[in-house]
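The primary structure of each chain is shown beneath.
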Amino acid sequence: MRWIISNEEYIGQWENGIQNGHGTHTWFLKRVPGSQYSLRNEYVGNFVNGQRQGHGQYFYANGAMYDGEWQNNNKHGMGKFVFKNGRIYVGEFVNDQISEYPNFKYDRVNTPDLSGIRTQSPGGAGTLNTFPTNSGIPSLAGSYIELDITSLLNTFPENERLEELKQVEYGILRNLTVLKKTYKYYSSLG
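Residues numbered from 1 in each chain as written. Predicted model: local features only at pLDDT ≥ 70, side-chain atom pairs only at ≥ 80, totals over all residues. Heavy atoms only, no water.

Moving on, we get to the overall build of the protein chain. Scanning the protein chain for helices and strands turns up 3 helices and 9 strands. Among the 190 residues that make up the protein chain, the fraction classed as buried is 31%. Partitioning the intrachain contacts of the protein chain with sequence separation of at least 6 by distance along the chain shows that 25% fall at a separation of at least 24. Accessible surface, the protein chain as shown: approximately 11800 Å² in total, 51% of it carbon and sulfur. (Helix = DSSP H or I, 4+ residues; strand = E, 2+ residues; numbered from the N terminus. Buried < 20%, exposed > 50% of the residue type's maximum accessible area, 1.4 Å probe, protein only. Contact = heavy atoms within 4.5 Å. Areas by Shrake-Rupley, 256 points an atom, 1.4 Å probe, with all protein chains shown as cover.)

Next up, the structure:
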């Protein structure tokens, strides 16, 4: 369903004309200058009687992201919030607010293994494709960078693979700004 006046779109399950079940609700804000892409807020997750309820992910137009529990359209329960500056808060939310003062001991370089929390990008800059989570090797960069180099790693002796993976991640992290600028440029070409 599309709402033309408010520039919104919903793709997902319905029940008696109301959003119920899994779906994606997108709010398009404006077109990025020099690009074919619009800024948007997007929720991907469960709906009950037209409201965000249960587990879901909310991608903000500014690059921030929330992945966690929802109740009555509010962040409520355990969740992970990645701020646009890369800081990560993992903890409890109550009525759309962080329940405790965040100490921000985690950032995109130093973060615990959050592989149980599935994240995805709505197509924004900064997301590459994935370090395999089934490799048994935890990512140093956190869950926001994904890069599949399995075929490359298979060319190394098994005892050297962990070190090679770390070095690739360090190389990506050292050049992340350049990679983002390159992605932004090529994504604007259409």
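After that view, the rundown keeps rolling.
So, about the packing of aromatic side chains. Each aromatic ring pair is specified by the distance between its two centres and by the angle formed by the two planes. Tallied over the entire structure, the rule returns 12 aromatic pairs. Summarising the aromatic geometry, the rings of Tyr-43 and Phe-47 are spaced 5.1 Å apart at their centres and angled 85 degrees between planes, so their arrangement reads as edge-to-face. Judged by its relative accessible area of 0%, Tyr-43 is buried. The exposure class assigned to Phe-47 is buried, which follows from its relative accessible area of 4%. Between the aromatic rings of Tyr-58 and Trp-70, the centroid separation amounts to 6.1 Å while the plane-to-plane angle is 40 degrees, which identifies the pairing as tilted. Of the two residues, Tyr-58 sits in strand E5 (residues 51–59) while Trp-70 sits in strand E6 (residues 65–71), which places them 12 residues apart along the sequence. The buried category is assigned to Trp-70, whose relative accessible area is 4%. Positioned above the aromatic ring of Tyr-66, the side-chain terminus of Lys-75 is 5.8 Å from the ring centre. (Phe/Tyr/Trp six-rings, centres within 6.5 Å; stacked < 30°, edge-to-face > 60°. Lys NZ or Arg CZ within 6 Å of the ring centre and 35° of its normal.)

Quick look at the pairing of E5 now. Two strands pair when backbone bridges link them, and E5 and E6 are joined in this way by 6 bridges, in the antiparallel orientation. Paired with Phe-59 across the strands is Met-65, a residue of E6. Where E5 hands over to E6, the hairpin turn is made up of 5 residues, of which Gly-63 adopts a positive phi near 105 degrees. (Pairing = 2+ DSSP bridges.)

Before going further, it helps to spend a moment on the pairing of strand E8 (residues 88–94). As paired elements, strand E7 (residues 74–82) and E8 share 6 bridges and run antiparallel to each other. Across the sheet, residue Phe-81 finds its bridge partner in E8, namely Tyr-89. Following E7, the chain reverses through 5 residues before pairing antiparallel with E8; Gly-86 in that reversal takes a positive phi of roughly 95 degrees. As defined by bridge partners, E8 adjoins strand E9 (residues 97–98) across 2 bridges and the pair is classed as antiparallel. Bridging from a neighbouring strand, Val-94 pairs with Gln-97 of E9. Hairpin connection, E8 to E9: the antiparallel pair is bridged by 2 residues, and Asn-95 has positive phi, about 50 degrees.

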